[in-house]
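# Structural overview
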Amino acid sequence: MPEPESHNGDPAAHDVHQHAATLKRLEKSSGSLAAQAIARMDETLPWYRAMPPENRSWIGLVAQAGIAAFTEWFRHPDAPQAISTDVFGTAPRELTRAITLRQTVEMVRTTIEVMESAIDEVAAPGDESVLREALLVYAREIAFATAQVYAQAAEARGAWDARLESLVVNAVLSGEADEGAVSRAAALGWNSPEHVCVVLGTAPDGDSELTVEAIRRAARHAKLQVLTGVLGDRLVVVAGGSANPLAVAKSLIGPFAAGPVVAGPVVPDLLAATRSAQAAAAGLKACSAWQDAPRPVLADDLLPERAIAGDPSAREQLVEEIYRPLEEAGSALLETLSVYLEQASSLEGAARMLFVHPNTVRYRLRRVTDVTGWSPSDVRSAFTLRIALILGRLADAESQA
């Protein structure tokens, strides 16, 4: 069958005429197609109906821009088209936070379906297949453009979140945590857990982003909330959700480099996390003095080394938590502990010096353990108790001077 001819029998001229006629119809119908797409969304997409009017209006503009971009695509099918700019550039960046990628795909699909259903009406007679093919190609390109927009938004948001997280972690470590830091942490998903502690250690070489992501994976597995970052050569983790700081440190220790890892004491909230961070930092500094320290180790287990290294909070803690309670429990406990330590932890030697029975010494030492939580018969605890006695006596001498 011979091809229909017009325009002096030139098929190419006929195709150009059809294309121009379809393009004119498409331009004329773009407004009604956008309105139909919005109506279809309102009818079939519950999340669209639930949105505030402002966001719905932005989505309407995106639909209109999508149809207009297709019109330009159809006008110059061989020309490169910046679809993401043409379509999504009409909406504010915040819209990628307001609607999910899945919702955007549903929005695009609905718009494409409306345009497909109108092909027979919009296309010039005989140009339906051309318009349908162009729409299929455009649908593929708009899908790629959608993925690119959300990928770029996620990348930008990730970079921004990383900077925000570093600010919060640095504020905690430097003692500058305030309500602003709490607000920034909340924006990162921190929901104010009751128990918070800080874990410090050496950061591994390589990409710090990979280290941070490894900490997050470990935290998810341990059901902990974390704010983390690499500051200089230190890996800092603010962890929430557990009252056991040693267990927290053990669950997160994998991404740390070789060397000591110190867990600060548990505090009630992010504002108080500075205290935990400072204790952990002082412990990390003093850890070299205890060569057999476990890994990880509690900052409170390093109190004597921290005190000798000049940490005022460790000195105060030893005096207030060990020396003062023993002082208040009666002079016999302080005297017995002091003599026992001086006699190389010998019950008999201490009993002879005190002119009491060894069982009396034994009873008093058990009382020391009950009062302080540190056992004089344990070598490590005995060292801590000795430092506490020294610091307590120095504090008494200073107060009397």
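Taking an unreviewed UniProt entry as the reference, the chain is identified by name as PucR family transcriptional regulator belonging to Streptomyces corchorusii. Quoted straight from UniProt, the Sequence similarities (unreviewed entry) entry for the chain says "Belongs to the CdaR family."

Before going further, it helps to spend a moment on the pattern of salt bridges. For the coordinates displayed, the defined rule picks out eleven salt bridges. Linking R324 and E327 is a salt bridge whose minimum nitrogen-to-oxygen distance equals 2.9 Å. Taken together, the residues R324 and E327, both in helix α14 (residues 312–328) and three residues apart, mark about one turn of the helix. E327 sits in the partly exposed class, given a relative accessible area of 35%.

Membership of the largest hydrophobic core comes to 33 residues, with the highest contact counts inside it found for M41, W47, I59, F70, M107, L131 and Y138. Element by element, the count of residues in this core is highest for helix α3 (residues 53–75), at eight residues. Setting aside its immediate chain neighbours within four residues, W47 contacts I59, I99, Q103, E106 and M107.

Sheet topology note: the strand β2 (residues 225–231)/strand β3 (residues 234–240) ladder contains seven bridges and is antiparallel. The residue of β3 that forms the bridge with T228 is V237. Hairpin connection between β2 and β3: a loop of two residues separates the two successive antiparallel strands, and G232 in this loop has a positive phi of roughly 65°.

Moving on: unusual backbone geometry. In this chain, R295 is followed by P296 through a cis amide linkage whose omega measures 0°. Within the fold, P296 resides in the loop between α12 (273–286) and β5 (297–298). Despite not being glycine, F355 shows a phi value in the positive range, around 60°. Structurally, the position occupied by F355 is in the loop between α16 (347–354) and α17 (358–372).

The rules behind each value
Residues numbered from 1 in each chain as written. Predicted model: local features only at pLDDT ≥ 70, side-chain atom pairs only at ≥ 80, totals over all residues. Heavy atoms only, no water. UniProt positions renumbered as here; feature names shortened; annotations may be inferred. Salt bridge = Lys/Arg side-chain N within 4 Å of Asp/Glu carboxyl O. Helix = DSSP H or I, 4+ residues; strand = E, 2+ residues; numbered from the N terminus. Buried < 20%, exposed > 50% of the residue type's maximum accessible area, 1.4 Å probe, protein only. Core = buried A, V, L, I, M, F, W, Y, C linked by side-chain atoms within 4.5 Å. Contact = heavy atoms within 4.5 Å. Pairing = 2+ DSSP bridges.

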